[in-house]
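# Structural features, examined
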Amino acid sequence: MADTTLQIADDNRVRTLTLNRPEVLNAFNEEMYYATAVALSEAAADPEVAVVVLTGEGRAFSAGNDLVEMQRRITDPAFNEQGSHFTTMVDALADLPKPLICAVNGVGVGIGATILGYADLVFMSTTARLKTPFTSLGVAPEAASSYLLPRLMGRQNAAWLLMSSEWVDADEAQRMGLAWKVCAPEELLPEARRHADILASRPVASLMAVKQTITAPTRDGIAAATAREIEHFAVLMGAAANASALAEFTGKREAD
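Everything numeric here is computed off the predicted structure, so don't read it as measured data. Per-chain numbering applies: the sequence of each chain, read as written, is numbered from 1 onward. Where totals are concerned, whole chains, interfaces and linings use all residues; where local detail is concerned, this predicted model gives features only for residues with pLDDT of at least 70, and gives and counts side-chain atom pairs only at 80 or more. Just so you know, side-chain values use all the structure's heavy atoms and leave hydrogens and water out.

Once that is clear, we can look at the sheet that holds strand β9 (residues 168–169). In this analysis, strands are considered paired if DSSP registers two or more bridges between them. Think of it this way: any DSSP run of H or I at least four residues long counts as a helix, any run of E at least two long counts as a strand, and we number them from the N terminus. With mixed pairing, 4 strands are arranged side by side in an open sheet as β4-β6-β8-β9. Strands with a single pairing partner mark the edges of an open sheet, and in this sheet they are β4 (60–62) and β9. Both strand β6 (residues 107–109) and strand β8 (residues 129–131) contribute to a ladder of 2 bridges, which runs parallel. Opposite G108, over in β8, you have L130 as the bridge partner.

Take the sheet that holds strand β1 (residues 6–11) next. In spatial order, the strands read β1-β2-β3-β5-β7-β10; together these 6 strands make up an open sheet with mixed pairing. Strands at the two margins of the open sheet, each flanked by one partner only, are β1 and β10 (181–183). Here the strands of the sheet are splayed against their neighbours by 20 degrees on average, with no regard to which way each runs. Two strands pair when backbone bridges link them, and β1 and strand β2 (residues 14–19) are joined in this way by 6 bridges, in the antiparallel orientation. Lines are fitted to the C-alpha atoms to define the axes, a helix being fitted only along its stretch in contact, and any angle between axes, read from their N-to-C directions, falls within 0 to 180 degrees.

For this analysis, a salt bridge means a side-chain nitrogen from Lys or Arg found within 4 Å of a carboxyl oxygen belonging to Asp or Glu. Using the criterion set out here, one finds 9 salt bridges in the structure. With a shortest N-O distance of 2.9 Å, R175 and E172 are connected by a salt bridge. In this pair, R175 and E172 are both assigned in helix α8 (residues 170–176), 3 residues apart and thus about one turn of the helix distant. The shortest N-O distance in the salt bridge between R193 and D197 comes to 2.7 Å. On the criterion of helical spacing, the pair formed by R193 and D197 is a turn pair, its members being 4 residues apart in helix α9 (residues 188–200). Among the charged side chains, a salt-bridge network with shared partners connects D10, R15 and D46.

These figures come from the coordinates and say nothing about function on their own.
Now the structure itself:
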């Protein structure tokens, strides 16, 4: 499966999903959004899966949305009209009834950071960093991060992460409440897996009952926040600040 955008491995009731576009730092394109959504839904339905671990191949967790595809949405109406599987994946994250552990092995940008709002446990490598570059790209938050991150981190920590477009290192992410454990790079997956195995040894029905009771109060909030974010995103995407930022990115990429 080395040529696919997502690697899937099962071991002892733990399903590990590995984002697998290392050549572009695991940036999400439509194919990977869809593959991840399907994998999450299949894990939810599989009685042999108790816990899901999500990590990245190579030196990044995920560099976020593929900015080349984002620019194409502005310049190619036909592509834009197809819609996006971004929401398909976010819905699958929100609907996942089993524990989700994120093992952040490297940089997490945009959705590579906001996806952590859906995790039950987050492990970060000491070399990992997070950034939500919404303001530097002239756009709005995504993935209900405007709702989930203040609940998880507190308003001021979330405000800095979402407004500043600055990097946050692993120790700071842990202090903010976004990461649960920080590990040496070589210990990241073993530690995440050790905790996954502990959870996977418990009855699945009980794990699901705990998760459902934790997440049920947030479901309406996620839906409302998503609608607000999409409304703002639609106004801002393609506007002057966003178009300029994407053109600058694409120009640097072509120069490289």
